[in-house]
Amino acid sequence: DAGVIQSPRHEVTEMGQEVTLRCKPISGHNSLFWYRQTMMRGLELLIYFNNNVPIDDSGMPEDRFSAKMPNASFSTLKIQPSEPRDSAVYFCASTVSGGAQKFFGSYNEQFFGPGTRLTVL
Amino acid sequence: DAKTTQPPSMDCAEGRAANLPCNHSTISGNEYVYWYRQIHSQGPQYIIHGLKNNETNEMASLIITEDRKSSTLILPHATLRDTAVYYCIVRGPQGGKLIFGQGTELSVKP
């Protein structure tokens, strides 16, 4: 199993540019989470999806951030326009939730990807 | 979800047991205690979880007090690779989001 895959691993961009982060969850997982980590704020949840539907986006900072999950194997987090304060490490995580748990024996353990380190100049 | 309190940092000698405490005095009856850790520059990693009974797996043991207001994560024989930030999280049975606090930065020293 390849685990959760995130791309790119590192992104450096200039203020005002559009940034798209990508995530491929573990096959069979039906919940996907986007987190952001900074020194000042720690690790915070931005949004999570269950069965491709956004369930809680209360952590999304503002309208410049948007996330989509067009299918069970792919999600994107987009920042447009980007600002220096968006510099952070963005993690994607996936798990099995709800009725699907009984087939996978999961305890809602979230599996995290390696993260994307974003630097906005 | 209930709030947790952890010491900001701890040291442990290599080969000794590391005991990481967590207070969760407002935990409700159906909430679980989860532990994750984050090694530098990596994503968080699940360690163990429990409801009210003590739990053990290949990574660690979790001791939950009878009143469930606190717990201790035990790494029985700490190695240098256990140096990480350890997060104690309380969450309901339905799963969903994890709310990370500041965690405990464990330094295992030779």
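Residues numbered from 1 in each chain as written. Chains lettered and ligands numbered in written order. Predicted model: local features only at pLDDT ≥ 70, side-chain atom pairs only at ≥ 80, totals over all residues. Heavy atoms only, no water.

Asker: Describe the environment of Ile79(A), with residues and values.
Answerer: Residues and elements named next belong to chain A. Relative to the assigned elements, Ile 79 resides in strand β8 (residues 74–79). Sequence spacing of Ile 79 and Asp 56 is 23 residues, and the spatial spacing of their C-alpha atoms is 18 Å. Those residues in contact with Ile 79, other than ones at most four positions away along the chain, are Gln 17, Glu 18, Val 19, Arg 64, Phe 65, Asp 86, Tyr 90 and Leu 118. (Helix = DSSP H or I, 4+ residues; strand = E, 2+ residues; numbered from the N terminus. Contact = heavy atoms within 4.5 Å.)

Asker: Which residues make up the sheet that holds strand β3 (residues 32–38) of chain B, and what values go with them?
Answerer: The strands that make up a sheet pair up through hydrogen bonds in the backbone, lying either parallel or antiparallel. All names here are of chain B. Read across the open sheet, the five strands follow the order β1-β9-β8-β3-β4; overall the sheet is mixed. In this open sheet, the two strands that pair with only one neighbour each are β1 (9–13) and β4 (45–50). On average, each strand axis in the sheet is tilted by 25 degrees relative to the strand beside it, whichever way the strands run. With five bridges connecting them, β1 and strand β9 (residues 104–109) associate as parallel partners. Residue pairing for β9: Met 10 is matched across the bridge by Leu 106. (Pairing = 2+ DSSP bridges. Axes fitted to C-alpha atoms, helices over the stretch in contact; angles between N-to-C directions.)

Asker: Which residues make up the packing of aromatic side chains, and what values go with them?
Answerer: With the rule as written, the count across this model stands at twelve aromatic pairs over all chains. Between the aromatic rings of Phe91(A) and Phe112(A), the centroid separation amounts to 6.5 Å while the plane-to-plane angle is 80 degrees, which identifies the pairing as edge-to-face. Pair noted here: Phe91(A) is in strand β9 (residues 88–95) and Phe112(A) is in strand β10 (residues 111–112), with a separation of 21 residues, a long-range link. When its relative accessible area of 2% is taken as the criterion, Phe91(A) is described as buried. Ring geometry for Phe112(A) and Phe100(B): centres 6.1 Å apart, planes at 80 degrees, overall edge-to-face. Taken together, the positions of Phe112(A) in strand β10 and Phe100(B) in the loop between β8 (84–91) and β9 put the pair across two chains. Phe100(B) matches Phe112(A) in its accessibility class, with the two residues each being buried. Among the aromatic residues, those joined into a ring-pair cluster are Phe33(A), Tyr35(A), Tyr48(A), Phe91(A), Phe112(A), Tyr32(B), Tyr34(B), Tyr36(B), Tyr46(B), Tyr87(B) and Phe100(B). Sitting over the face of the ring of Tyr34(B), Arg91(B) holds its NZ or CZ atom 4.6 Å from the ring centroid. (Phe/Tyr/Trp six-rings, centres within 6.5 Å; stacked < 30°, edge-to-face > 60°. Buried < 20%, exposed > 50% of the residue type's maximum accessible area, 1.4 Å probe, protein only. Lys NZ or Arg CZ within 6 Å of the ring centre and 35° of its normal.)

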